[in-house]
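Here are the chains, one letter per residue:
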Amino acid sequence: MNPALILLPDFLLILSGFALRRSGMLSPAFWAEAEKFVYFILFPALLFRALARAELDFAASLPMLASGLLFTGAGFLLGNAAKPLFRLSQASFAAGNQGAYRFNTYVAFAVMGSLAGTPGIAVIALLCGAMVPVVNLMAVWQLSQTSQQGMLYELARNPIIWGICSGLAANVSGLPVPQPLFAAVDHLAAAALPLGLITVGAGLRFTALASHYAPLLYWNGIKLLLLPLIAVATVQLFGLSGVYRQATLVMSMLPTATSAYILAVRMKGDGELAAAVVTTSTLAAMLGLPLMLSLLY
């Protein structure tokens, strides 16, 4: 099936979130709490479910993890040129530069679930497990120069890391998870992706687009055009195939994480610019991701 048709339901959920937020049917307080609920409760449950009982081949995953590190590191380094190029303050640069390398895990799981089912979710969860601490270290390091909060504080509070670590611990230890407990986690996990995608749409904001169009084009060009090309090269270099190839390419094409905005606001960065990066990359990915997948598969 054409990737555009496979991904259409996911993108319709994003658009429905945008429409619901703008309709005023639900209060702004609801959306803030819904986003927090998905981020701290539902999404860790999804990660735990994906990893706790998955058949993981860690040795076979190493080339995929190396590929992810290469294109993510390239995005971070290339994005740094935006500060002198566009004469940005540290607060604006640190907030916006997340758009060059951070990825939306809600979209990652939705896309891989549509393309490869449960095995695809497990593999990209493993890739997320390796990359989430890396991108958070990068973001927090740059934002900490405008904030009193440090890297360890932010990493310790990251629920994605909690979910991945707990799922991997359950998997590696071999300890059985009681069925009633796993069933409860399964119910929470089932709600994570639809609600997560709806909150992605609800979080789209356009206030900083006009004043920062040049750096936005620059960061989105790196994230959505250059990184997939680098990923294609690394896939060939490491001989990746099957679901590992799929996960690597999908990861390289993802829009910026909505948590980039949350982190920027919490650490005294430019929240409006971070929101604009998330918005523009999400809208661009809705068009570009199906096209890129059509060309590469």
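Quick note: structure is the one above.
Quick summary incoming for the structure in this document. All residue numbers here refer to positions counted from 1 along the written sequence of the relevant chain. With the structure being a predicted model, the display of local features is reserved for residues of pLDDT at least 70 and the display and counting of side-chain atom pairs for 80 or more, all residues being used for whole-chain, interface and lining totals. Side-chain measures here rest on the full set of heavy atoms in the structure, leaving out hydrogens and waters.

### Here we look at the overall build of the chain
1) Next: Secondary structure elements are defined from DSSP: runs of H or I of at least 4 residues count as helices, runs of E of at least 2 residues count as strands, and each element is numbered from the N terminus. Tallying secondary structure elements over the chain gives 13 helices and zero strands in all.
2) Next: Atoms considered for the radius of gyration are the C-alpha atoms alone. The globule rule reads 2.2 Å times the number of residues to the power 0.38. On C-alpha atoms alone, the chain measures out to a radius of gyration of 18 Å, which is about the 19 Å that the 2.2 N^0.38 rule sets for 297 residues.
3) Next: Across its three principal axes, the chain shows a C-alpha extent of roughly 55 × 45 × 40 Å.
4) Next: Think of it in three bands: residues with accessible area under 20% of the maximum for their type are buried, residues over 50% are exposed, and the middle band is partly exposed, with areas taken using a 1.4 Å probe on protein chains only. The buried share among the 297 residues of the chain stands at 53%.
5) Next: Within the chain, residue pairs in contact and separated by at least 24 positions form 87% of the contacts whose partners lie at least 6 positions apart.
6) Next: Values of accessible area rely on a 1.4 Å probe in the Shrake-Rupley scheme; residue burial ignores everything except the protein chains shown. Carbon and sulfur atoms make up 70% of the accessible area of the chain, which totals about 12500 Å².
7) Next: The convention is simple: Lys and Arg are positive, Asp and Glu are negative, and His and the chain ends are not counted. Here the site of a charge means atom NZ of a Lys, CZ of an Arg, CG of an Asp or CD of a Glu. Once the 14 positive and 9 negative side-chain charges of the chain are each reduced to a mean point, those two points are 7 Å apart. The contact criterion used is simple: two residues touch if any of their non-hydrogen atoms lie within 4.5 Å.

### Things to note about helix 9 (residues 179-202)
1) Next: The span expected for a helix works out to 1.5 Å for each residue beyond the first. Its 24 residues place the ends of helix 9 35 Å apart at the C-alpha level, agreeing with the 34 Å of an ideal helix rising 1.5 Å per residue.
2) Next: What we call the bend at a residue is the angle made by axes fitted to the seven residues finishing there and the seven residues starting there. At Ala192, helix 9 shows its strongest bend, of approximately 35 degrees, with the proline Pro194 following within four residues.
3) Next: Within the sequence span of helix 9, burial applies to Phe182, Val185, Ala189, Ala192, Leu193, Gly196, Leu197, Ile198, Thr199, Val200, Gly201 and Ala202.

### Things to note about unusual backbone geometry
1) Next: A positive phi angle is found at Arg87, which is not glycine, with a value near 55 degrees.
2) Next: The topology assignment puts Arg87 in the loop between helix 4 (82-86) and helix 5 (90-96).
3) Next: On the basis of relative accessible area, Arg87 is assigned to the exposed category, the value being 80%.
4) Next: Even without a glycine there, the phi angle at Lys268 is positive, about 65 degrees.
5) Next: Mapped onto the secondary structure, Lys268 falls in the loop between helix 12 (259-266) and helix 13 (271-296).

### Observations concerning the nonpolar core
1) Next: What we call a nonpolar core is a set of buried Ala, Val, Leu, Ile, Met, Phe, Trp, Tyr and Cys residues that are connected through their side-chain atoms within 4.5 Å. Phe43 and Phe109 are the most contacted members of the largest nonpolar core, which totals 77 residues.
2) Next: Residue contributions to this core peak at 21 residues, all from helix 6 (residues 105-143).
3) Next: What Phe43 contacts, discounting residues up to four positions off in sequence, is Val38, Thr105, Tyr106, Phe109, Ile160, Ala192 and Leu193.
4) Next: With seven residues, the next largest nonpolar core counts Phe48, Ala52, Val177 and Val185 among its residues.

### Brief notes about the packing of helix 6 against helix 9
1) Next: Note on method: axes are straight lines fitted to C-alpha atoms, helices fitted across the in-contact stretch only, with angles between N-to-C directions ranging 0 to 180 degrees. In contact at an axis separation of 9 Å, helix 6 and helix 9 are set at 130 degrees when each is read in the N-to-C sense. Relative to helix 9, helix 6 is oriented oblique. Judged by the sense of rotation from one axis to the other, the crossing of helix 6 with helix 9 is left-handed. Contacts between helix 6 and helix 9 involve Tyr106, Val107, Phe109 and Ala110 on the former and, on the latter, Leu193, Gly196, Leu197, Thr199 and Val200.
2) Next: Side-chain classes are defined by residue name, with Ala, Val, Leu, Ile, Met, Phe, Trp, Tyr, Cys and Pro counting as nonpolar, Asp, Glu, Lys and Arg as charged, and the others, Gly among them, as polar. A breakdown of the residues in the contact of helix 6 with helix 9 according to their chemical character gives seven nonpolar, two polar and no charged. Small angles under 35 degrees read as roughly parallel and large ones over 145 as roughly antiparallel, with 65 to 115 read as roughly perpendicular and the rest as oblique. If you view the pair so one helix is near and one far, a crossing is left-handed when the near helix is turned anticlockwise from the far one by less than a right angle, and right-handed when it is turned clockwise.

### Observations concerning the packing of helix 3 (residues 58-79) against helix 10 (residues 213-238)
1) Next: One way to put it is that helix 3 packs onto helix 10 with a least axis distance of 9 Å and a crossing angle of 150 degrees. Judged by the inter-axis angle, helix 3 sits roughly antiparallel to helix 10. For the pair helix 3 and helix 10, the crossing hand works out as right-handed. Contacts between helix 3 and helix 10 involve Pro63, Ala66, Ser67, Leu70, Phe71, Ala74, Gly75, Leu78 and Gly79 from the former and Tyr218, Trp219, Ile222, Leu226, Leu227, Ile230, Ala231, Thr234, Val235 and Phe238 from the latter.
2) Next: Tallied by class, the residues present in the contact of helix 3 with helix 10 amount to 15 nonpolar, four polar and no charged.

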